[in-house]
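# Inside the fold
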Amino acid sequence: MLQLEDGDDMELSAHAKSVFNCRFHSINTKYHTLTLFLHPMCHKLAVTQAVSSCPFEFMVKVALEIALQWKWSKAKANTLVMDLKAYNLCHTPFAGGQADGLA
C-alpha cells in the first residue's frame, strides 16, 4: 500500500483510493477475477483477502464455463478441475512463489 509522506493530503488520498476501488469493482468481471486467481503471485488474494474476493468454487465454475464454450471434452474439463485444485493448494507442479498476493 502506498504510504503517505509529510505534506501529503490525507483527504485527497482517501478520495483517490475510494474512486479507484469503485472503478475497479465496476469493471471487475468473473473473467478478471479468474485471471487474478491464475496469476501466480495473486491467486490467494482473489479467493480470500480482497473485498470482492470469491470462493474457490466460483473460480472452478468460471473456468468450466470457458471450457464448455471452447467445447473441451469431459476428460479435459476434469483435468482442468484437478489442476485448479492443485494450483489453489500450491502443489506440484505449481509449487514455489508466494501463495499470498499481499505478502
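See the structure printed just above.
So, a few notes on the structure that sits alongside this text. (Residues numbered from 1 in each chain as written. Predicted model: local features only at pLDDT ≥ 70, side-chain atom pairs only at ≥ 80, totals over all residues. Heavy atoms only, no water.)

## Here's the deal with the overall build of the protein
Within the protein, the regular secondary structure consists of 5 helices and 0 strands. Each helix (α) and strand (β) of the protein, taken in turn from the N terminus, gives the series α-α-α-α-α. Taken across its 103 residues, the protein has 22% of its residues classed as buried. Across the protein, contacts joining residues at least 24 apart in sequence account for 55% of those joining residues at least 6 apart. Surface summary for the protein: the accessible area is close to 7,700 Å², and the carbon and sulfur share equals 63%. (Helix = DSSP H or I, 4+ residues; strand = E, 2+ residues; numbered from the N terminus. Buried < 20%, exposed > 50% of the residue type's maximum accessible area, 1.4 Å probe, protein only. Contact = heavy atoms within 4.5 Å. Areas by Shrake-Rupley, 256 points an atom, 1.4 Å probe, with all protein chains shown as cover.)

## What about the pattern of salt bridges?
According to the stated counting rule, one finds 1 salt bridge in the structure shown. One salt bridge connects Glu65 with Lys30, and the closest N-O pair in it is separated by 2.6 Å. Taken together, the residues Glu65 in helix 4 (residues 56-69) and Lys30 in helix 2 (residues 30-38) connect sequence positions 35 residues apart. Judged by relative accessible area, which is 29%, Glu65 ranks as partly exposed. Judged by its relative accessible area of 30%, Lys30 falls in the partly exposed class. (Salt bridge = Lys/Arg side-chain N within 4 Å of Asp/Glu carboxyl O.)

## Here we look at the packing of helix 4 against helix 5 (residues 74-88)
Relative to each other, helix 4 and helix 5 sit at 150°, their axes nearing to 10 Å. Judged by the angle between their axes, helix 4 and helix 5 are roughly antiparallel. With respect to the hand of their crossing, helix 4 and helix 5 are arranged in right-handed fashion. Taken together, the residues of helix 5 that come into contact with helix 4 (itself represented by Phe56, Val60, Ala63, Leu64 and Ala67) are Ala77, Leu80, Val81, Leu84, Lys85 and Asn88. Of the residues assigned to the contact of helix 4 with helix 5, the class counts are 9 nonpolar, 1 polar and 1 charged. (Axes fitted to C-alpha atoms, helices over the stretch in contact; angles between N-to-C directions. Parallel < 35°, antiparallel > 145°, perpendicular 65-115°, else oblique. Left-handed = near helix turned anticlockwise from the far one by under 90°. Nonpolar A, V, L, I, M, F, W, Y, C, P; charged D, E, K, R; others polar.)

## Quick look at the nonpolar core
It is characteristic of soluble globular proteins that their nonpolar side chains tend to be buried jointly. The biggest cluster of nonpolar side chains holds 14 residues, and the ones touching the most others in it are Leu34, Phe37 and Leu84. Every element with two or more residues in this core is listed here: helix 2, helix 4 and helix 5. The greatest single-element share of this core, amounting to 7 residues, is contributed by helix 4. Every residue in contact with Leu84, bar those within four places of it in the chain, is listed here: Phe37, Leu38, Phe56, Val60 and Ala63. (Core = buried A, V, L, I, M, F, W, Y, C linked by side-chain atoms within 4.5 Å.)

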